[in-house]
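Letter by letter, the chains look like this.
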Amino acid sequence: MDTNKQITVTSPQLPDLDEFQALLKEIWESKWITNNGQFHKLLEEELCKYLKVPYISLFTNGTLPLLTALQALRITGEVITTPYSFVATTHSLWWNGIKPVFVDIEESTCGMDPNRIEAAITPRTTAIMPVHCYGKPCNTKHIQEIANKYGLKVIYDAAHAFGVEVNGEGIMNEGDISTLSFHATKVYNTIEGGAMIMHDSEMKKRVDFLKNFGFADEVTVVAPGINGKMDEVRAAYGLLNLKQVDSAIAARQRVAQIYRKELKDIPGVRYFEDIPGVRHNYSYFPIFIKAEEYGMSRDDLYFKMKARNILGRRYFYPLISNFSTYHGLPSAATENLPNATRIANEVICLPMHHELSDNDLERILDCIKNR
Ligand code: T4K
């Protein structure tokens, strides 16, 4: 067995190069390379079908739809969010002049704990921004009940949740808006890319204006928009990748099954099981290390793996609330975030992608088992 080949946390699924070249040839011939071209339109249609959603707007990455959603819904003041995410979630609030208010997460999903939300609401609160962390669905029903009670908007950062369904329903239909990332490291990628999902044609129109500088037509600017448009090359790449995303998810599911089978009797190693009724996308495979029971700390295991060229990642350590921009906020205090603080110190996301071989898995599992 190859004992030192680098094993990365993820690896992008790439379209067939010949098929991509054929589409590139069409783009070259048409000379229409961005601004709502034919592949952009087609990808929006195909993604609506795949994700089982009525409207989608493509973006050039997964951060811009977060920024634009806040503009589209005219969110101001304070927004309740999670510290346990990629930093883009909270940055989108800060860039809009909105104060993030952190609440703790549930151990069972790593998503926002709905039982903590009401205590964080103030007269300035206008919205809730949860994250379907690792693609695990948040407790959307409870979150929506609170939003309805207090008249708050809900924007789901669904960057990890491509293709996730609950009882046959696309998870993107929850809340007022959901956003996706199609970054190279995601289950479904367009190299860089992202999208916003909304529920009505008026919002779709508004968002399409906003991502094109606010232009409604050649001479009319209806809002202070931004440039968030996806180009034709990446839309064409995305169309090809969509054809193979199900096989990537199936390959990831197999990896998850092997991890669970092999890790189940190791004391101090926790992982997520599948939730009945949920179509998971296996975007990440986090394990949580209890040092006393496992006999080694999370960091010792992380660096041991690294020394063997197995590059797991500590997503999401440090917590966003510990970064210098945010750590002075009252809600960033460690006492306010006990679960998130503990879990950020326990987590390692194991390598998880469609190309992991049995040999790779053997090396990863050997490193975890023989401590
Ligand atoms: N909200 C949430 C909840 C998010 O997780 C993210 C992004 C966003 C919003 C924002 O969406 P985007 O604006 O990014 O679309 C990565 C990604 O850059 C980021 O997209 C992602 N979340 C975050 C969780 O992870 P890094 O710094 O860990 O990536 P990097 O470059 O270290 O790559 C990790 C591994 O992936 C590499 O070791 C090898 C592999 N890889 C990576 C790239 C870029 C490849 O094999 N090929 C590649 O081209 O941030």
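A brief structural summary. Given the structure is predicted, the values throughout are model-derived calculations rather than measurements. (Residues numbered from 1 in each chain as written. Predicted model: local features only at pLDDT ≥ 70, side-chain atom pairs only at ≥ 80, totals over all residues. Heavy atoms only, no water.)

Orientation of helix H2 (residues 38-51) relative to helix H8 (residues 232-242), taken along the N-to-C sense of each, is 35 degrees, at an axis distance of 8 Å. For the pair H2 and H8, the crossing hand works out as left-handed. In this structure, H2 uses Gln38, Phe39, His40, Leu42, Leu43, Glu46, Leu47 and Tyr50 to contact H8, whose residues at the interface are Glu232, Ala235, Ala236, Gly238, Leu239 and Leu242. Here the residues of the contact of H2 with H8 are counted per class, giving nine nonpolar, three polar and two charged. (Axes fitted to C-alpha atoms, helices over the stretch in contact; angles between N-to-C directions. Helix = DSSP H or I, 4+ residues; strand = E, 2+ residues; numbered from the N terminus. Left-handed = near helix turned anticlockwise from the far one by under 90°. Contact = heavy atoms within 4.5 Å. Nonpolar A, V, L, I, M, F, W, Y, C, P; charged D, E, K, R; others polar.)

Let's shift gears to the sheet that holds strand S15 (residues 285-289). Reading across the sheet, the three strands line up as S13-S15-S17 and stay open at both edges, with antiparallel pairing between neighbours. The two strands at the open ends of the sheet, each matched to only one other strand, are strand S13 (269-271) and strand S17 (347-350). When strand polarity is set aside, the average angle formed by the axes of neighbouring strands in this sheet is 35 degrees. Two strands pair when backbone bridges link them, and S15 and S17 are joined in this way by four bridges, in the antiparallel orientation. Within S17, the position partnered with phenylalanine 285 by the bridge is leucine 350. Here helix H9 (residues 245-263) sits on the sheet and contacts S13, S15 and S17; the angle it forms with S15, its principal contact strand, is near 20 degrees. (Pairing = 2+ DSSP bridges.)

A word on the nonpolar core. Ranked by size, the top nonpolar core spans 62 residues in total, and within it Leu47, Phe162, Tyr259, Leu263 and Ile287 carry the most contacts. Excluding residues that lie within four positions of it along the chain, isoleucine 287 makes contacts with Leu263, Val269, Arg270, Tyr271, Leu301, Glu346, Val347, Ile348, Leu350 and Ile368. (Core = buried A, V, L, I, M, F, W, Y, C linked by side-chain atoms within 4.5 Å. Buried < 20%, exposed > 50% of the residue type's maximum accessible area, 1.4 Å probe, protein only.)

This next bit is on the site of the ligand. Of all residues adjacent to the ligand, which total 23 residues, the nearest are Thr63, Asp157, Ser181, Arg313 and Tyr315. At 2.8 Å from an oxygen atom of the ligand is found a side-chain nitrogen or oxygen belonging to serine 181. One nitrogen or oxygen atom from the side chain of lysine 186 is found 2.8 Å from a nitrogen atom belonging to the ligand. Out of a free accessible area of 920 Å², the ligand has 74% covered by protein chains. Of the residues in the shell around the ligand, the class split is eight nonpolar, 12 polar and three charged. (Near = heavy atom within 4 Å. Polar contact = N/O pair within 3.5 Å; in protein donor to acceptor, adjacent residues only side chain to side chain. Areas by Shrake-Rupley, 256 points an atom, 1.4 Å probe, with all protein chains shown as cover.)

Considering the arrangement of structural elements, one finds alanine 119 in helix H5 (residues 117-120). The exposed category is assigned to alanine 119, whose relative accessible area is 78%. Note: C-alpha distance between alanine 119 and valine 103 (16 residues apart in sequence) is 9.2 Å.

Turning our eyes to something else, we now look at the sheet that holds strand S14 (residues 278-279). Strands sit in the order S8-S7-S14 across an open sheet of three strands; the sheet is antiparallel. Bordering the open sheet on either side are strand S8 (169-170) and S14, each of which pairs with just one other strand. Pairing analysis gives two bridges linking strand S7 (residues 165-166) to S14, with the strands arranged antiparallel. Following the sheet pairing, valine 166 is matched in S14 by valine 278.

Before going further, it helps to examine the state of the cysteines. Under the counting rule described, the total for this entry stands at zero disulfides. In this model cysteine 110 remains outside any disulfide bridge; the closest cysteine sulfur is found in cysteine 133, 5.4 Å from its own. Take cysteine 133: its relative accessible area is 1%, and that puts it in the buried class. (Disulfide = S-S within 2.5 Å.)

Turning to helix H3 (residues 64-72), a few remarks are in order. Burial of H3 is extensive: eight of the nine residues sit out of reach of the surface. For H3, the set of buried residues is Leu64, Pro65, Leu66, Leu67, Thr68, Ala69, Leu70 and Ala72. After H3 finishes, the residue arginine 74 shows a positive phi value of roughly 55 degrees.

Summarising burial for strand S9 (residues 177-181): five of the five residues are buried, a large majority. The alternating pattern of S9 places Ile177, Thr179 and Ser181 and Ser178 and Leu180 on opposite faces, both of which are buried. Of the pairings in the sheet, the one linking strand S6 (residues 153-157) to S9 comprises three bridges and is parallel in character. Along S9, the bridge assignment pairs tyrosine 156 with serine 178. Examined bridge by bridge, S9 and strand S10 (residues 194-198) share four bridges and lie antiparallel to one another. Opposite serine 181, over in S10, you have glycine 194 as the bridge partner.

Now for the environment of lysine 149. As for its position among the elements, lysine 149 is in helix H6 (residues 140-150). Among the residues examined, lysine 149 registers a relative accessible area of 58% and is labelled exposed. Between the alpha carbons of lysine 149 and leucine 350 there is a distance of 39 Å; along the sequence they are 201 residues apart.

What follows concerns the pattern of salt bridges. Under the counting rule described, the total for this entry stands at 30 salt bridges. In this structure, the salt-bridge partner of aspartate 208 is lysine 211, at a minimum N-O distance of 3.8 Å. Note on aspartate 208: relative accessible area 24%, which makes it partly exposed. Measuring nitrogen to oxygen at the nearest pair gives 3.1 Å for the salt bridge that ties arginine 314 to aspartate 299. In this pair, arginine 314 sits in the loop between strand S16 (310-311) and helix H12 (338-344) while aspartate 299 sits in helix H11 (residues 298-307), placing the two residues 15 residues apart along the sequence. (Salt bridge = Lys/Arg side-chain N within 4 Å of Asp/Glu carboxyl O.)

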